[in-house]
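Per-entry structural report
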Amino acid sequence: MFVSISYLKGLIIDLDTFKYEHSKWLNIHKGMKLLFFSTNQILLNNIEQLDQRNFYLANSNPFQFVFNIGSFLDFFSILNLRSHEVAFVSSSLERIQLLQKHLPIGTIYISKSQSLNYNDVGKLPDIICQRIEEINIIRNRKNGYLAEVAAESTVNKARLEKLQLVKTELDNDHCFTILSGGRYFNTKDPRSSTHQLSKRILKSKDNQLNNSHLFVSIYIELLNLIKEADSIARIPPRKGKPDRFYKIINSISKTIDIRILNCLKCVKDYPSQKLFSSIDRTSNVKGAFVTDGSVKGRNIVLLDDIVSSGATFRECATELYKNNAEKVTLITLGVNQFHSSWRFKYHKKILCKECDGHMVLRFNSKKTNKPAFFGCSNYYSKNKCKFTLNYSYGLNEYFQATDLTNLTNEDFARDLDISF
Ligand SMILES: [Zn+2]
């Protein structure tokens, strides 16, 4: 789903990356304003000839030579829309990643391929479409990555099946396939402040919130996509740490026909992977896991909540393959996303209307479906402020406060001309 868009009203289209599909834009919903940018006049002329009332043309390219942030302020102004109503559309993942690094703008990546390179899964766009026309079905926030949508709403199974997943391979030889339900934003990333999936995963880690029901339904959706999986196992907890997936795996095996394997054991007292860079994580877990003969010939699905470098999965899977496992696949709720300090530049806290506190994403632990809401940061202080906002209202406040069109050209001028 979009992390910075409330309801999509306009598209900023990177025309250079769509050279042969001009007429497809005619199929986009008429209520949406489309701005095409390119310095290639022939491409712009082709679009102009399509003669559409809601088409806007800009003879500029913010990605040419240096990345020009100011161009986007011009684009919002031409469209007469706010930044949380507009998404950037490109078939270049590189340009989407560059934009995401610098500005909180929604992104749509058009790509025919369903699988992503592992190097790219830490910088995922908001939405991946295989065809331009698919943009029509993603206008509201209830579309996008399966686990993210599921974490925000009660959706039925038929709906979940149509949502997108993250599929990738650690290597090219298909030995280390990863299937994930969405993105995970860690607490250093401002996107985590409004992202329910990230907060639910984080709170489950330290047992502050029981999300088993939600997580089990996400894992089952992922499992159903893995052909011929016959066994399920979890990445074993580090020594002395609680076995967080024990209950979840048991619930899964009660719902679908799959064997639980307690095949992996952690035999090395290694420090948390969080303390290491991607390169050092491989040596940190080296030799940490052992397995037994029960894995021979089995098609095993390993379960974890977040994948970052993939080093722990690789180590576990290597051990399983050494003991003649047939196939090992990892399923996770989210892929850890890289963040950049640029995002904090435009991040704002939602202020409390009754005190000097700010609003924090929380979950109502007393209710069975545990809905999210925003509660005042002074709730636990001496003066106990009880001000709350429901989730969608609070989210809207956040979009209004952080909208890039609040900024002046002078604000932006300081950020112009960033070198690649
Ligand atoms: Zn307050």
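As shown above, the structure is provided for reference.
Note that the structure is a prediction, hence the values are computed from the model and not measured. (Residues numbered from 1 in each chain as written. Predicted model: local features only at pLDDT ≥ 70, side-chain atom pairs only at ≥ 80, totals over all residues. Heavy atoms only, no water.)

Some thoughts on the coordination of the zinc ion
Note on metal geometry: ideal angles are 109.5 degrees for four donors arranged tetrahedrally and 90 or 180 degrees for six donors arranged octahedrally. Only Cys-352 (SG), Cys-355 (SG), Cys-376 (SG) and Cys-385 (SG) from the protein reach the zinc ion as donors, at distances of 2.2 to 2.3 Å. Angles of 98 to 115° at the metal separate the four donor atoms of the zinc ion, which places the site in the tetrahedral class. For the zinc ion, the single-chain donor residues occur in sequence as C-x2-C-x20-C-x8-C. With Cys-355 in the loop between helix H11 (342-345) and strand S19 (359-363) and Cys-385 in the loop between strand S20 (372-376) and strand S21 (388-390), the pair connects residues that are 30 residues apart, well separated along the chain. (Donors = N, O, S within 2.8 Å, 3.2 Å for Na, K, Ca; no water. Tetrahedral: all angles 85-135°; square planar, octahedral: opposite > 155°, others 65-115°. Helix = DSSP H or I, 4+ residues; strand = E, 2+ residues; numbered from the N terminus.)

Description of the sheet that holds S19
Judged by pairing direction, the sheet is antiparallel, and its three strands sit side by side in the order S19-S20-S21 without closing on themselves. Each edge of the sheet is formed by a strand with only one pairing partner; in this case those strands are S19 and S21. Within this sheet the neighbouring strands show an average axis-to-axis angle of 30°, counted without direction. Pairing analysis gives three bridges linking S20 to S21, with the strands arranged antiparallel. Its bridge partner lying in S21, Phe-374 is registered against Leu-389. Lying on the sheet, helix H6 (residues 196-205) is in contact with S19 and S20; it crosses S19 at an angle near 65°. Its contacts with the sheet place helix H12 (residues 391-402) against S19, S20 and S21, and it is angled at close to 100° to S21. (Pairing = 2+ DSSP bridges. Axes fitted to C-alpha atoms, helices over the stretch in contact; angles between N-to-C directions. Contact = heavy atoms within 4.5 Å.)

Remarks on the sheet that holds strand S5 (residues 106-110)
Reading across from one edge, S3-S2-S1-S4-S5-S7 is the order of the six strands in this open sheet, with parallel pairing throughout. Because the sheet does not close on itself, it has two edges, and the strands there are strand S3 (55-58) and strand S7 (127-129). Each strand axis lies, on average, 25° off the axis of its neighbour in the sheet, ignoring direction. Of the strand pairs in this sheet, strand S1 (residues 10-14) and strand S2 (residues 33-37) are connected by five bridges, and their pairing is parallel. When the bridges of S2 are listed, Asp-14 appears paired with Phe-37. Seen against the sheet, helix H1 (residues 41-49) touches S2 and S3 and runs at an angle of roughly 165° to S3. Against the sheet, helix H2 (residues 70-79) engages S1, S2, S3 and strand S4 (86-90), with an angle of about 140° to S2.

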